[in-house]
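# Structural features, examined
Next come the chains, spelled out residue by residue.
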Amino acid sequence: MTYLADPGRYERQPYNRSGRSGLRLPAVSLGLWHNFGDDRPLSNSRAILRRAFDLGVTHFDLANNYGVPYGSAERNFGAIFRRDFRPYRDELIISTKAGYDMWPGPYGEWGSRKYLLASLDQSLERMGLEYVDIFYSHRPDPDTPLEETMGALDRAVRSGKALYAGISNYPAERTAQAARIMRELGTPLLIHQPSYSMINRWIEDGLLDVLEEAGMGCIVYSPLAQGLLTDRYLQGVPADSRAATSRFLSPDRIDAELTRSLNELAGERGQTLAQMALSWTLRDPRVTSVLIGASSVRQLEDNVACVEGPVFTEDELKAIDAITAPRAAEGR
């Protein structure tokens with residue numbers, strides 16, 4: 001059956017300007033880090049992407065090594081794009097990244113010009129796209145001159161293979177340096193993608209200030225701390241949970257008391273814990289968008305509903321700070 005997008009999709013999501021650019025992103029964007037590789041049914045991935053767009057989520061975020069195996073998230077997204085989203089290409093923001101290990105040998109990771117531009121070509125081929133909207137340097141390279149890495153991003157934009165350039169996981173000082181280099185090249189950085197949550201607040205110690213001064217947007221990932229800030233772990237660690245099965249989250253990070261305290265506060269606000277955690281990341285106007293993952297349509301719908309939550313009161317923010325202070329300090 002031919003997919004026809006919901007005509008009311010743009011009435012359900014606020015759109016925020018990315019820094020001082022002309023681009024606006026949905027408050028909630030969909031990340032394809034987990035749940036879109038070959039280890040998951042393509043039909044489920046397709047249903048999630050369709051529902052996301054119907055809810056006004058216009059930004060789909062990928063990277064070269066997303067999915068199991070590497071590259072499968074891009075390849076599967078490309079197959080779904082060809083079936084469902086090609087008529088809507090001009091309504092979509094599609095991003096990808098390169099920086100982590102992707103193929104063997106000395107040219108398969110980090111930030112060299114050779115790796116970044118080769119990876120972008122491979123990503124476009126996997127997705128069947130002529131260009132991506134945003135191409136990121138996924139992490140800073142300690143051994144490659146920043147001028148080379150930024151020069152590769154500039155080249156990607158000038159070649160027409162990307163419309164905008166971004167960086168991810170860069171600390172504040174390196175971000176300021178990267179922004180300066182790109183301004184001089186004539187291709188200002190659009191956005192930074194850092195991790196950020198109630199219990200991981202490192203970007204508050206300088207990075208957000210740098211982004212504001214540079215006119216860059218901020219799209220945060222892991223706002224639910226790999227599921228810690230959901231009701232998944234209220235009673236411990238389920239056998240099928242990410243903490244029990246994934247290398248990205250270990251059981252010793254679970255703090256049931258913290259989770260229960262936050263969950264109680266969320267209930268008083270009429271939200272789930274996940275919705276409150278997502279709303280919290282968006283409380284700062286310097287945060288353009290929050291990236292969510294989704295393993296089901298229901299989970300997607302529940303999380304996107306965070307935009308309907310009430311504005312935080314000062315008392316609520318103080319209560320959250322008091323509950324999360326010990327863990328948040330670890331993430332600074």
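### Structural notes on the pattern of salt bridges
Throughout the structure, instances matching the rule amount to 20 salt bridges. Across the salt bridge formed by Asp38 and Arg75, the nearest N and O atoms sit 2.5 Å from each other. Linking Asp38 in the loop between strand E3 (28–31) and helix H1 (42–54) with Arg75 in helix H2 (residues 72–85), this pair joins segments that are 37 residues apart in sequence. On the accessibility criterion, Asp38 (43% relative accessible area) is partly exposed. The partly exposed category is assigned to Arg75, whose relative accessible area is 35%.

### Considering the packing of aromatic side chains
The tally for this structure, following the rule as stated, stands at 11 aromatic pairs. Seen from their ring centres, Trp33 and Tyr66 are 6.3 Å apart, and the 25° between their planes marks the pair as stacked. Remark: Tyr66 occurs in the loop between strand E4 (59–61) and H2 and Trp33 occurs in the loop between E3 and H1; sequence separation between them is 33 residues. For Trp33, a relative accessible area of 28% translates into the label partly exposed. Taking relative accessible area as the criterion, Tyr66 reaches 8% and is therefore assigned buried. Ring geometry for Phe60 against Phe77: centres 5.9 Å apart, planes inclined by 70°, an arrangement best described as edge-to-face. Of the two residues, Phe60 sits in strand E4 while Phe77 sits in helix H2, which places them 17 residues apart along the sequence. The same class applies to Phe60 and to Phe77, which are both buried. Here a set of aromatic residues connected by ring pairs shows up, and it is made of Tyr3, Phe53, Phe60, Phe77, Phe81, Phe85 and Tyr88.

### A few points about the sheet that holds E4
If you walk around this closed barrel you meet the eight strands as E3-E4-E5-E6-E7-E8-E9-E10, and the pairing is parallel. Neighbour to neighbour, the strand axes of the sheet diverge by 30° on average, direction disregarded. Summarising the sheet, E3 and E4 pair through two bridges and their orientation is parallel. In the sheet register, Gly31 faces E4, and the bridge partner there is Asp61.

### Description of the packing of H1 against H2
Across the interface, H1 lies against H2 with an axial gap of 10 Å and an inter-helix angle of 55°. Comparing the axis directions of H1 and H2 gives the class oblique. Considering the relative orientation of H1 and H2, their crossing is right-handed. The segment H1 lies against H2, with Leu42, Ser45, Arg46, Leu49, Arg50 and Phe53 engaging Asn76, Phe77, Ile80, Arg83, Asp84 and Phe85. Counted by class, the contact of H1 with H2 contains six nonpolar, two polar and four charged residues.

### Here's the deal with the packing of helix H3 (residues 113–127) against helix H4 (residues 146–158)
Where H3 meets H4, the axes come as close as 8 Å, and the angle between the chain directions of the two elements is 30°. With respect to each other, H3 and H4 are oriented roughly parallel. Crossing of H3 against H4: the hand is right-handed. Of the residues in H4, those in contact with Arg113, Leu116, Leu117 and Leu120 of H3 are Glu148, Thr149, Gly151, Ala152, Arg155 and Ala156. Of the residues in the contact of H3 with H4, the class split is five nonpolar, two polar and three charged.

### As for the pairing of strand E6 (residues 132–137)
In terms of residue burial, E6 counts as a mostly covered element, since six of its six residues are buried. The pairing of strand E5 (residues 93–98) with E6 spans four bridges and is classified as parallel. From the neighbouring strand, Lys97 faces E6, where its bridge partner is Tyr136. With five bridges connecting them, E6 and strand E7 (residues 162–168) associate as parallel partners. Counted as the bridge partner of Ser137 is Ile167 from E7. The parallel pair E6 and E7 is bridged by H4, and the resulting crossover is right-handed.

Quick notes on the rules
- Residues numbered from 1 in each chain as written.
- Predicted model: local features only at pLDDT ≥ 70, side-chain atom pairs only at ≥ 80, totals over all residues.
- Heavy atoms only, no water.
- Salt bridge = Lys/Arg side-chain N within 4 Å of Asp/Glu carboxyl O.
- Helix = DSSP H or I, 4+ residues; strand = E, 2+ residues; numbered from the N terminus.
- Buried < 20%, exposed > 50% of the residue type's maximum accessible area, 1.4 Å probe, protein only.
- Phe/Tyr/Trp six-rings, centres within 6.5 Å; stacked < 30°, edge-to-face > 60°.
- Pairing = 2+ DSSP bridges.
- Axes fitted to C-alpha atoms, helices over the stretch in contact; angles between N-to-C directions.
- Parallel < 35°, antiparallel > 145°, perpendicular 65-115°, else oblique.
- Left-handed = near helix turned anticlockwise from the far one by under 90°.
- Contact = heavy atoms within 4.5 Å.
- Nonpolar A, V, L, I, M, F, W, Y, C, P; charged D, E, K, R; others polar.
- Right-handed = clockwise from strand over helix to strand, strands pointing away.

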